[in-house]
Amino acid sequence: MALAEPVKVGMITTLSGGGAGLGIDVRDGFMLAVKQSGNPDIEVVVEDDQRKPDIAVQLADRMIQSDKVDILTGIIWSNLAMAVVPSVTAQGKFYLSPNAGPSALAGKGCHPNYFNVAWQNDNLHEAAGAYANTAGYKNTFILAPNYPAGQDALAGFKRFYEGDLAGEVYTKLGQKDYASEIAQIRASGADSVFFFLPGGMGISFLKQYADSGVDLPVVGPAFSFDQGILQAVGAAALGVKNTSQWNKDIDNPANKAFVEAFQAEYGRLPSLYASQGYDTANLILSAMAKADVKDQDAFRAALEAAEFESVRGDFKFGPNHHPIQDIYVREVLQEGDVFTNKILGVALEDHADAYAGECKM
C-alpha cells in the first residue's frame, strides 16, 4: 500500500440548541469508528452550526480555505444541507451526508462528489405510507414542519399510502405548541395520524397528543421515536409503530459490536443518528484503504464501492450516490426502565429513492 496523504475531515453539525442531540449522536458515532480504526491518517475538525444556514456556510468556507479539509460531513438539517452542499462540491471537495437527504440533491441537483450515507429524505416516510396500507388505515391525518425535509416527508408518505387524507398540515420549524393541530386532528374524522417532527418538536407533540385523549394510532418515521426522544417522551410513545433503516437489534456482527462499543464508550444506547455517523466514518476509512483522497477519481470509485461492514448489513449506493437498503417497521416498547424500539418486520425491501432517474452524472 502506497503511503497516501492524511485525510482531513471537516464535520459541521448541530451541537447546541433544540437539535443538538442529533448532531451529538452523529459526531459520537463517527468518532467511535475513527477511534476503533486506530488510523493515524485521519484528522477530524468539528464545529457547531447552531442549526443556522449562514453559520454552516461560513464554517464550510473556512474549513475548505483555511483548514484545507478534503471531505465535509455532519449536517443534520436539510435547509442547512441545501445551503452548504452545492458550494462544497463546486469547490471540488467531497461531501458525505450522515443525515440530511433533500430530494433536490438526489435528483437534478446530484453531484459526483456528493454521497448520502443515511437515506434520501422521502425514504422512511415512504415506508410509513406502505405500513399504513398494511395496517388498514383509510383516512390518515398527516403533518410535518414546513422546510425541505418536511415537504419531502409528506411527499414520501403520500407516494406509497393508498387511503384518503383527513388533513394535511405544515407546522412551523421549531414549533413547541401543537394544541391547534391536535384540535384539527380531533375534528377531522381521521382513523390514524402520520407525523414527522424531529428533535424537540416531536417530544412536544407526542406529550401533548398523549395528554389530549385523542386516541388514534400514530405512525411516524424513526426521527420522532428515536432513542434520545423516547426517554423524554416516555410512556406516551409505547406501542407506536415507526419506520427506520436501522435498529439496535439488526442481527449482524458489525451492529452487535457497534451497539456494545457505543454503550461502553458513551454510557447510552446508540440512536439511528449515531449509527449513521458510524457508517459514514467507516465508509471514509474503507475508501482511504484503497485510494488517495487527492486522486479524486480513485477515491470516488472507492466510496462508490462501499466496501465496509455497515451496521445495517447490506448497504449499496444507487446511481445517484444514495443508499439502496431495507427499511423496517419498529415498535416502541420498554426494556427495564429504558424506552426503545424492536423490529417487527421489513416495510420496504432493497428500497431506492424516487429521484435517482433524474440524476445525470
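Everything numeric in this text was worked out from a predicted model, so none of it was measured.

A. Quick look at empty space enclosed by the protein. Under the defined criterion, the tally for this structure stands at three cavities of 30 Å³ or more. Around the largest cavity sit 16 residues that line it, and Asn99, Trp119, Tyr147, Ala149 and Phe196 are the ones nearest its centre. The residue inventory of the lining of the largest cavity, partitioned by class, reads 11 nonpolar, five polar and no charged. In this structure, the second largest cavity encloses a volume near 50 Å³. Taken together, Gly18, Arg51, Trp77, Gly174, Lys176, Pro198, Gly199, Gly200 and Met201 make up the full set of residues lining the second largest cavity. Considering only residue class, the lining of the second largest cavity consists of three nonpolar, four polar and two charged.

B. Broad picture of the layout of surface pockets. Its boundaries defined by the atoms lining it, the largest pocket holds a volume of some 210 Å³. Along the walls of the largest pocket sit 14 residues, with Tyr209, Leu216, Pro217, Val218 and Val240 positioned nearest its centre. It is helix 8 (residues 200–212) that contributes the most residues to the lining of the largest pocket, three residues altogether. Tallied by class, residues from the lining of the largest pocket come to 10 nonpolar, two polar and two charged.

C. The arrangement of the pairing of strand 10 (residues 241–244) in detail. The pairing of strand 9 (residues 218–221) with strand 10 spans three bridges and is classified as parallel. Considered in strand 10, the bridge of Val219 is made with Lys241. Crossover connection from strand 9 via helix 9 (residues 227–233) to parallel strand 10: handedness right-handed. As paired strands, strand 10 and strand 12 (residues 323–335) are joined by four bridges and run antiparallel to one another. The partner of Asn242 across the bridge, within strand 12, is Arg330.

D. Local environment of the pattern of salt bridges. With the rule as written, the count across this model stands at 18 salt bridges. For Asp70, the salt bridge is made with Lys294, and the minimal N-O distance between the two is 2.7 Å. Residue Asp70 is found in the loop between helix 2 (53–65) and strand 3 (71–73), and its partner Lys294 is found in the loop between helix 11 (272–288) and helix 12 (296–305); the two are separated by 224 residues along the sequence. For Asp350, the salt bridge goes to Lys316, with nearest N and O atoms at 4.0 Å. Here Asp350, found in strand 13 (residues 338–351), pairs with Lys316, found in strand 11 (residues 316–317); they are 34 residues apart in sequence, far enough to count as distant. The class for Lys316 is partly exposed, based on a relative accessible area of 41%. Each of Asp25, Arg27, Asp28 and Arg268 takes part in one network of salt bridges that share partners.

E. Quick look at the pairing of strand 13. Direction of pairing for strand 12 relative to strand 13: antiparallel, over a ladder of 10 bridges. Bridge pairing in strand 13 places Leu333 opposite Thr340. Where strand 12 folds back on strand 13, the antiparallel hairpin that results is connected by two residues, among which Gly336 adopts a positive phi of roughly 65 degrees.

F. Quick peek at the packing of aromatic side chains. Applying the stated criterion across every chain yields a total of 19 aromatic pairs. Each ring, one from Phe115 and one from Phe317, has its centre 5.3 Å from the other, and the planes form 65 degrees; the classification is edge-to-face. Within this pair, whereas Phe115 is found in strand 5 (residues 114–116), its partner Phe317 is found in strand 11, the two being separated by 202 residues in sequence. Taken individually, Phe115 and Phe317 each receive the classification buried, so the pair is uniform in this respect. Here the aromatic rings of Phe315 and Phe317 are separated by 5.1 Å at their centres, their planes lie at 85 degrees, and the arrangement is edge-to-face. For the pair shown, Phe315 and Phe317 are each scored as buried. Sitting over the face of the ring of Trp77, Arg51 holds its NZ or CZ atom 4.5 Å from the ring centroid.

G. Examining the side chain of Asp226 more closely. Looking at the element boundaries, Asp226 is found in the loop between strand 9 and helix 9. Arg330 is the oppositely charged side chain nearest to the buried, salt-bridge-free Asp226, at an N-O distance of 4.6 Å. Among the polar contacts made by the side chain of Asp226, one reaches the main-chain amide nitrogen of Leu272 at a distance of 3.3 Å. Residues within four places of Asp226 in sequence aside, it is in contact with Asp25, Ser271, Leu272, Tyr273 and Arg330.

H. Quick look at the packing of helix 7 (residues 179–187) against helix 8. Two elements in contact, helix 7 and helix 8, have axes separated by 10 Å at closest approach and are oriented at 45 degrees. By the criterion of interaxial angle, the relationship of helix 7 to helix 8 is oblique. For the pair helix 7 and helix 8, the crossing hand works out as right-handed. Together, Ala179, Ile182, Ile185 and Arg186 of helix 7 and Phe205, Gln208, Tyr209 and Ser212 of helix 8 make up the contact between the two elements. Counted by class, the contact of helix 7 with helix 8 contains five nonpolar, two polar and one charged residues.

I. Structural context of the state of the cysteines. Under the criterion given, the structure shown has one disulfide. Paired through a disulfide, Cys110 and Cys359 show a sulfur-sulfur distance of 2.1 Å. With the S-S dihedral at roughly 90 degrees, the linkage between Cys110 and Cys359 falls on the right-handed side. Taken together, the positions of Cys110 in the loop between helix 4 (103–106) and strand 5 and Cys359 in the segment after strand 13 put the pair 249 residues apart, joining distant regions of the chain. Residue classification places Cys110 among the buried positions, given a relative accessible area of 10%.

Rules used throughout
- Residues numbered from 1 in each chain as written.
- Predicted model: local features only at pLDDT ≥ 70, side-chain atom pairs only at ≥ 80, totals over all residues.
- Heavy atoms only, no water.
- 1 Å grid on protein atoms, 1.4 Å probe; cavity = no way out; pocket = protein on both sides within 12 Å on 5 of 7 lines; lining within 4 Å.
- Points joined across faces, edges and corners; volume = space filled by probe spheres on them.
- Nonpolar A, V, L, I, M, F, W, Y, C, P; charged D, E, K, R; others polar.
- Helix = DSSP H or I, 4+ residues; strand = E, 2+ residues; numbered from the N terminus.
- Pairing = 2+ DSSP bridges.
- Right-handed = clockwise from strand over helix to strand, strands pointing away.
- Salt bridge = Lys/Arg side-chain N within 4 Å of Asp/Glu carboxyl O.
- Buried < 20%, exposed > 50% of the residue type's maximum accessible area, 1.4 Å probe, protein only.
- Phe/Tyr/Trp six-rings, centres within 6.5 Å; stacked < 30°, edge-to-face > 60°.
- Lys NZ or Arg CZ within 6 Å of the ring centre and 35° of its normal.
- Lys, Arg positive; Asp, Glu negative; His and termini not counted.
- Polar contact = N/O pair within 3.5 Å; in protein donor to acceptor, adjacent residues only side chain to side chain.
- Contact = heavy atoms within 4.5 Å.
- Axes fitted to C-alpha atoms, helices over the stretch in contact; angles between N-to-C directions.
- Parallel < 35°, antiparallel > 145°, perpendicular 65-115°, else oblique.
- Left-handed = near helix turned anticlockwise from the far one by under 90°.
- Disulfide = S-S within 2.5 Å.

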